[in-house]
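Listed below are the residues making up each chain.
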Amino acid sequence: MRLNEKELEIVEILEKDARTATGDIAKMVGLSVEETEQSIKKLEENKVIVRYISIVDWTKVEEHPGVRAMIDVKVTPKRGVGFDEIAERIYRFDEVNSVYLMSGTYDLSIIVEGKSMNEVANFVSQKLSTLDSVISTTTHFILKKYKHDGIIFEPDNKDKRIVVSP
Amino acid sequence: MESTKRTYVSKLVHELKPSGIRRFFDLAAGMEGVISLGVGEPDFVTPWHIREAAISSLEQGYTSYTPNAGLLELREEIAYYMKTQFNVSYSPTDEIIVTVGASSAIDIALRTILDPGDEVIVVEPCFVSYVPMVELAGGVAVQVQALKENDFKILPDQIEAVITEKTKAIMICSPNNPTGTMLSKSELEGLAQLANKYDFLVIADEIYAELAYDEEYTSMAAIDGMLERTILVSGFSKGFAMTGWRLGFVCAPVEISSAMLKVHQYGLMCASTMSQYAAIEALKNGRPDVEEMVKSYRRRRNYIVQSFNEIGLECHEPGGAFYAFPSVQSTGLTSQEFAERLLLQEGVAVVPGDVFGESGEGHIRCSYASSLEQLQEAIKRIKRFIDSLE
Ligand SMILES: Cc1ncc(COP(=O)(O)O)c(C=O)c1O
């Protein structure tokens with residue numbers, strides 16, 4: 001889908017803040033509210049805008065169980081299907097959040113989420129390492145999120161300007 | 001011995017009026033929860049790669065003076081920038097001086113060209129420093145009023161009416177602080193004709209040149225025959241979000257530049273070294289940042305102008321800078337009354353238009369260099385304030 005200038009602006013605004021009111025978007029891009037609504041609908045229908053999600057800082061939620069680990073996995077590729085088959089075996093697990101094929105000293109990088117370190121450790125020892133093609137795994141637990149997908153978690157947003165200036 | 005107390009402050013300085021902005025600063029600074037649309041600077045922090053360049057220059061020990069005119073590498077970057085962005089050619093070795101903000105560029109320009117009693121035509125509403133700086137340089141500021149009915153653009157006839165034998169220069173600023181008005185190529189040509197006919201200079205304050213939202217920017221120096229008559233003032237404060245670095249520059253034909261360099265050299269020696277290293281990085285790699293910021297200002301301008309008109313404050317669409325200049329005449333209040341009552345009643349700080357000159361009366365300057373959330377809240381409060389007047 002080729003976007004016109006206004007549509008591109010709308011996508012950019014929504015990508016920064018999906019909750020920007022349609023009326024405000026209309027003002028910013030210079031369209032009527034109806035036109036803006038139609039454009040957004042079209043963008044949604046064409047899956048340019050796939051979904052609206054929230055970025056949550058779960059560490060703020062008291063007693064919220066949850067850990068994330070990045071796991072480096074070395075595997076033996078299979079004739080004919082290369083890494084795809086083993087990648088699929090891995091990404092089908094619900095615990096697995098992301099899977100990437102990597103260049104460098106290992107093959108797959110996967111991100112796993114679990115309720116506790118124990119749960120992740122169990123996943124690695126019971127499910128991941130036992131797969132035939134998996135040669136080795138190295139697990140790194142994430143201790144703190146500073147920036148994620150371009151979003152800084154606790155930015156210093158203080159306005160440091162003097163209140164009135166020429 | 002009988003003694004009357006001696007006054008140490010010069011008569012000239014004694015008689016300078018303090019800036020009208022100061023009063024609002026004092027009022028607003030003492031209040032809690034104020035939303036300020038009174039800030040004359042970007043809400044962006046300087047992009048990180050530019051800050052990093054300054055840090056790196058410090059780490060490497062570049063902490064000494066630079067040449068008076070500034071680092072040659074920076075002047076070369078400025079020359080390239082002015083050529084590619086604004087189509088004006090200046091020699092980096094003798095037509096560009098790196099200054100302490102556009103402020104000091106204006107100051108050395110005026111002190112270089114003015115003999116006592118020389119007149120400088122100042123177009124109002126304008127930046128609060130112009131008139132005092134002319135006076136401090138020994139000149140006489142002749143104020144002409146750009147009017148609302150002309151979209152705050154000065155007409156050649158108005159200028160012609162005040163030209164005398166003593167007219168040495170005219171000061172213009174486009175896009176303008178406080179009105180946001182940008183002059184088109186043909187409007188600049190109209191001024192250029194007068195400058196040629198009556199043989200005076202144009203001090204063109206182009207500090208907001210990067211922030212043009214609808215039309216491509218035309219520099220005064222790019223108008224036919226104007227390179228020789230223009231003292232072009234610009235800098236990094238607004239376009240690159242670098243106000244606190246205090247870095248600007250001035251470009252002029254060599255005859256004027258070499259004279260300005262004397263003033264700059266004796267008065268300031270050179271601009272801050274680490275800021276100069278930051279500016280090199282800004283010019284080399286800062287284009288994408290500028291474009292992002294321009295996009296963001298344009299959206300906010302569209303938002304605020306439409307919102308003002310909706311709540312009953314008539315507002316023309318400014319072509320550049322980050323100021324909206326709506327009229328408050330419909331409320332029956334003067335700009336001072338409006339601004340003061342709005343601040344006390346609703347905690348929104350704006351700057352009354354009359355501090356920028358007589359023709360700004362009846363308007364308020366609202367900077368939209370604030371987050372959308374802040375702008376929304378400000379509009380809500382201003383609407384409530386206007387409704388309370390009825
Ligand atoms: C029109 C105009 N000229 C010059 C300046 C001063 O800029 P600088 O920070 O480069 O000294 C300002 C700052 O507000 C301005 O609005």
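Rules and cut-offs
- Within every chain, residues take consecutive numbers counted from 1 along the sequence as written.
- By the order in which they are written, chains take letters starting at A while ligands take numbers starting at 1.
- Local features in this predicted model are restricted to residues whose pLDDT is 70 or higher, and side-chain atom pairs enter the listing and the counts only when it is 80 or higher, whereas totals over whole chains, interfaces and linings include all residues.
- Only hydrogens and water are removed before side-chain values are computed, so all heavy atoms of the structure are retained for them.
- UniProt positions are given in the numbering used here, feature names are shortened, and annotations may be inferred rather than shown by experiment.
- Reported domain spans reflect what an automatic or database domain assignment gives.
- Contacts between residues were defined by any pair of non-hydrogen atoms, one from each residue, lying within 4.5 Å.
- By buried area we mean the combined loss of accessible area, with a 1.4 Å probe, across both parts when two parts are placed together.
- Counted as salt bridges are all cases of a side-chain nitrogen of Lys or Arg within 4 Å of a carboxyl oxygen of Asp or Glu.
- What qualifies as a polar contact is a pair of N or O atoms within 3.5 Å, subject to a donor-acceptor requirement within protein and to the restriction that residues adjacent in sequence count only when both atoms come from side chains.
- Only DSSP runs of H or I with at least four residues qualify as helices, and only runs of E with at least two residues qualify as strands; both kinds are numbered from the N terminus onward.
- Buried, partly exposed and exposed residues are distinguished by accessible area as a fraction of the type maximum, computed with a 1.4 Å probe on protein chains only: under 20%, between the cut-offs, and over 50%, respectively.
- Any residue with a heavy atom lying within 4 Å of a molecule or strand is counted as near it.
- Note on areas: Shrake-Rupley, 1.4 Å probe, and residue coverage restricted to the protein chains presented here.
- Buried residues of nine kinds, namely Ala, Val, Leu, Ile, Met, Phe, Trp, Tyr and Cys, make up a nonpolar core once their side-chain atoms join them within 4.5 Å.
- For patches, a residue must show more than 30% relative accessible area and have no salt bridge; joins then use 9 Å for like charges and 5 Å for nonpolar side chains, namely Val, Leu, Ile, Met, Phe, Trp and Tyr.
- Paired strands are those between which DSSP finds at least two bridges.
- For every residue, the predictor assigns a confidence score, pLDDT, that lies between 0 and 100.

- By the naming in an unreviewed UniProt entry, chain B goes by Aminotransferase and is assigned to Ureibacillus aquaedulcis.
- For the record of chain B, the UniProt heading Cofactor (unreviewed entry) holds the text "pyridoxal 5'-phosphate".

- In the annotation of an unreviewed UniProt entry, the entry for chain A reads Lrp/AsnC family transcriptional regulator, and the organism field reads Ureibacillus aquaedulcis.

Section: the domain arrangement of chain B
All names here are of chain B.
At step 1: Each assigned domain of chain B is listed with its residue range as follows: domain 1 (11-46 + 288-389) and domain 2 (48-285).
At step 2: On a C-alpha basis, the centres of domain 1 and domain 2 stand 25 Å from each other.
At step 3: Tallying the contact residues gives 40 residues for domain 1 and 39 residues for domain 2.
At step 4: Summing the contributions of domain 1 and of domain 2, the shared interface buries around 3,200 Å²; its carbon and sulfur component is 60%.
At step 5: Across the contact surface, domain 1 and domain 2 share 2 salt bridges.
At step 6: Linking Arg301 and Asp214 is a salt bridge whose minimum nitrogen-to-oxygen distance equals 2.8 Å.
At step 7: The tally of links from domain 1 across to domain 2 stands at 22 residue pairs in polar contact (both at pLDDT 80 or more).

What about the pattern of salt bridges?
If charged atoms from side chains of opposite charge come close, those side chains can pair.
At step 1: Counting across every chain of the model gives 33 salt bridges over all chains.
At step 2: Across the pair Glu7 of chain A and Lys42 of chain A runs a salt bridge whose closest N-O atoms are separated by 2.8 Å. With a gap of 35 residues between them, Glu7 of chain A in helix α1 (residues 5-16) and Lys42 of chain A in helix α3 (residues 33-45) connect regions that are remote in the sequence.
At step 3: Judged by its relative accessible area of 4%, Glu7 of chain A falls in the buried class.
At step 4: Under the relative-accessibility criterion, Lys42 of chain A is labelled partly exposed at 37%.
At step 5: With a shortest N-O distance of 3.2 Å, Glu340 of chain B and Arg23 of chain B are connected by a salt bridge. Separated by 317 residues along the polypeptide, Glu340 of chain B in helix α12 (residues 335-346) and Arg23 of chain B in helix α2 (residues 20-29) bring together distant segments of the chain.
At step 6: Because the salt bridges share partners, they merge into one network encompassing Glu9 and Glu12 of chain A together with Lys295 and Arg299 of chain B.

Topic: unusual backbone geometry
All names here are of chain B.
At step 1: Here the residue pair Ser174 and Pro175 is connected by a cis peptide bond, since its omega of -10° sits within 30 degrees of zero.
At step 2: Following the sequence through the fold, Pro175 ends up in the loop between β5 (167-173) and α8 (185-198).
At step 3: Of note, the bond from Asn177 into Pro178 is cis; its omega dihedral lies within 30 degrees of zero at 20°.
At step 4: Checked against the element boundaries, Pro178 lands in the loop between β5 and α8.
At step 5: Backbone geometry places Asn87, a non-glycine residue, at a positive phi of 55°.
At step 6: You can see Asn87 is positioned in the loop between α4 (72-86) and β2 (96-99).
At step 7: Backbone geometry at Ala321 places phi at a positive 60°, although glycine is not the residue there.
At step 8: Summarising the element assignment, Ala321 is placed in the loop between α11 (287-310) and β9 (323-324).
At step 9: Classification of Ala321 as buried rests on a relative accessible area of 0%.

Some remarks on the site of the ligand
At step 1: Taken together, the neighbourhood of the ligand is formed by 15 residues, with Ala102, Ser103, Asp205, Ser237 and Lys238 of chain B sitting nearest.
At step 2: Residues near the ligand are shared among chains A and B, making this a multi-chain site.
At step 3: In this structure, Ser237 of chain B approaches the ligand through a side-chain N or O atom, which is 2.7 Å from an oxygen atom.
At step 4: In this structure, Arg246 of chain B approaches the ligand through a side-chain N or O atom, which is 2.8 Å from an oxygen atom.
At step 5: In the complex, the protein chains occlude 95% of the 400 Å² of accessible area that the ligand would expose alone.
At step 6: Sorting elements by how many residues they give to the shell around the ligand places helix α5 (residues 101-113) of chain B first, with 3 residues.

Let's talk about the nonpolar core
Residue and element names in this part refer to chain B.
At step 1: Counting 125 residues, the largest nonpolar core has Leu74, Leu110, Ile231, Phe236, Phe308, Phe338 and Ile382 as the members making the most contacts within it.
At step 2: Each residue touching Phe338, except ones within four places of it in the same chain, is listed here: Leu313, Val328, Thr331, Leu333, Ile364, Ile382, Phe385 and Ile386.
At step 3: Grouped together as the second largest cluster of nonpolar side chains are 21 residues, Ile121, Ala146, Leu188 and Met226 included.

Looking at the interface of chain B and chain A
At step 1: Taken together, the 33 residues of chain B in the interface contact 15 residues of chain A.
At step 2: Taken together, the two surfaces of chain B and chain A that pack against each other cover about 2,000 Å², and 53% of this comes from carbon and sulfur.
At step 3: When residues of chain B are sorted by the area they lose upon contact with chain A, Phe25, Arg299 and Tyr303 of chain B head the list and together hold 29% of the total.
At step 4: If you look at where chain B meets chain A, you find 4 salt bridges.
At step 5: Linking Glu12 of chain A and Lys295 of chain B is a salt bridge whose minimum nitrogen-to-oxygen distance equals 3.0 Å.

Focus: a nonpolar patch on the surface
At step 1: On the surface, Val9, Leu12, Val13 and Leu136 of chain B cluster together into a nonpolar patch covering about 320 Å² of accessible area.
At step 2: The residue Val9 of chain B is located in the segment before α1 (11-15) in this model.

Observations regarding the sheet that holds β9 of chain B
Residues and elements named next belong to chain B.
At step 1: Across the sheet, which stays open at both edges, the 3 strands sit in the order β9-β12-β11 with antiparallel pairing between neighbours. Of all strands in the sheet, those with a lone pairing partner are β9 and β11 (351-352), marking the two edges.
At step 2: Of the strand pairs in this sheet, β11 and strand β12 (residues 364-367) are connected by 2 bridges, and their pairing is antiparallel. Within the sheet, the bridge partner assigned to Pro352 lies in β12 and is Ile364.

Re the pairing of strand β7 (residues 230-235) of chain B
Residue and element names in this part refer to chain B.
At step 1: Among the 6 residues of β7, 6 are classified as buried, and the element is accordingly described as predominantly covered.
At step 2: Burial along β7 is two-sided: the face carrying Thr230, Leu232 and Ser234 and the face carrying Ile231, Val233 and Gly235 are both buried.
At step 3: Pairing geometry for strand β6 (residues 201-205) and β7, over 4 bridges, is parallel. By the bridge assignment, Val202 is partnered in β7 with Thr230.
At step 4: The pairing of β7 with strand β8 (residues 248-251) spans 4 bridges and is antiparallel. Paired with Val233 across the strands is Val250, a residue of β8.

Details of the confidence of the model for chain B
At step 1: Per-residue pLDDT for chain B averages 96, and the proportion of residues at 70 or more is 99%.
At step 2: Predicted complex metrics record ipTM = 0.86 and pTM = 0.92.

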